[in-house]
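Here is how the chains run, residue by residue.
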Amino acid sequence: GVSHVLTLVLQELSLLCKRDVNGVGMLYDLLRSRWLQALLKIYECLQLYLGKRPVPVTPQARALAREVVELLREAPQSGEVKELRRLLRAPHLKAALLSAHDTVAQKDYEPTLPPLPDNIPENEEAMRIVCLVKNNQPLGATIKRHEITGDITVARVIHGGLADRSGLLYAGDKLVEVNGVPVEGLEPEQVINIL
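This section reports on the structure supplied with the text. (Residues numbered from 1 in each chain as written. Predicted model: local features only at pLDDT ≥ 70, side-chain atom pairs only at ≥ 80, totals over all residues. Heavy atoms only, no water.)

**Quick word on a positive patch on the surface**
Definition in use: Only residues whose relative accessible area exceeds 30% and that take part in no salt bridge are eligible for patches, with like-charged residues grouped when within 9 Å of each other and nonpolar side chains (Val, Leu, Ile, Met, Phe, Trp, Tyr) grouped when within 5 Å. Per-residue and other accessible areas follow the Shrake-Rupley method at a 1.4 Å probe size, with only the shown protein chains counted as cover for residues. Salt bridge, as used here, is a side-chain nitrogen of Lys or Arg placed within 4 Å of a carboxyl oxygen of Asp or Glu. Within this scheme the basic residues Lys and Arg register as positive and the acidic residues Asp and Glu register as negative, but His and the chain ends are omitted. All charge positions are set by atom: Lys at NZ, Arg at CZ, Asp at CG, Glu at CD. Helix numbering and strand numbering both begin at the N terminus, where a helix is a DSSP run of H or I of at least 4 residues and a strand a DSSP run of E of at least 2. The rule is simple: take the accessible area with a 1.4 Å probe, protein chains only, and divide by the maximum for that residue type; under 20% is buried, over 50% is exposed, in between is partly exposed.
The grouping of R62, R66, R89 and K94 at the surface amounts to a positive patch. In this fold, R62 is placed in helix 4 (residues 61–74). On the basis of relative accessibility, which here comes to 36%, the residue R62 falls in the partly exposed class.

See below:
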């Protein structure tokens, strides 16, 4: 994917850097930057998601099943036709399976991000909104209070953990808000409870 192409470009640029070609060093540094690597990782994940996302054939499976039962009533009555009609009229199929299918097919399960707060300082260099969905797995990162500023920051990202695999959190990142709760003034232990 994109990461492989970027790796090949970086290999070529490293050879050019050794020859001191104008501007190649700056381009090499840009392509190695953490933020670009994270952006490419997000892009690849989104492309993979868009390619594999299952889409229901119809949002109205119950209505389609009723229509098939009616069409089968007019068909020659073989053993298979009778069994299919019986299965499609069975309460567990109609009420449970097809109803659950229709409910899921009609909902939008796309993640939604909260709006950006209005009180972002003008001199802020960059702010990222990171959305990590935890199931029963740990976040894979530790936090601490910065000795000088007092900010809550990511102390360490554990290799192979959720935060590491996402490529969205880095050691030194400042936490401003967690799950909609501002963390300014909170102790690291309180923030862990919110996580």
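After presenting the structure, the write-up continues.
**A word on the pattern of salt bridges**
Close approach of charged atoms allows side chains with opposite charge to pair. Scanning all chains against the criterion turns up four salt bridges. Note that K144 is salt-bridged to E147, the shortest N-O span being 3.9 Å. On the basis of relative accessible area, K144 is assigned to the partly exposed category, the value being 36%. Taking relative accessible area as the criterion, E147 reaches 64% and is therefore assigned exposed.

**Regarding the environment of I158**
For clarity, the cut-off: Contact between two residues is taken to exist if any of their heavy atoms lie within 4.5 Å; hydrogens are not considered.
Mapping I158 onto the fold places it in the loop between strand 2 (152–157) and helix 7 (162–166). The sequence separation of I158 and A141 amounts to 17 residues, and the corresponding C-alpha distance is 5.6 Å. Sequence-distant contacts of I158, defined by excluding residues within four places in its chain, comprise G140, A141 and D164.

**Let's talk about the pairing of strand 1 (residues 141–145)**
The side chains of a regular strand alternate between the sheet's two faces. As a reminder of what qualifies: Two strands make a pair as long as DSSP finds a minimum of two bridges between them.
Sheet topology note: the strand 1/strand 2 ladder contains five bridges and is antiparallel. Paired with A141 across the bridge in strand 2 is V157. In sequence, strand 1 turns back onto strand 2 through a hairpin of six residues, with G150 there showing a positive phi of about 85°.

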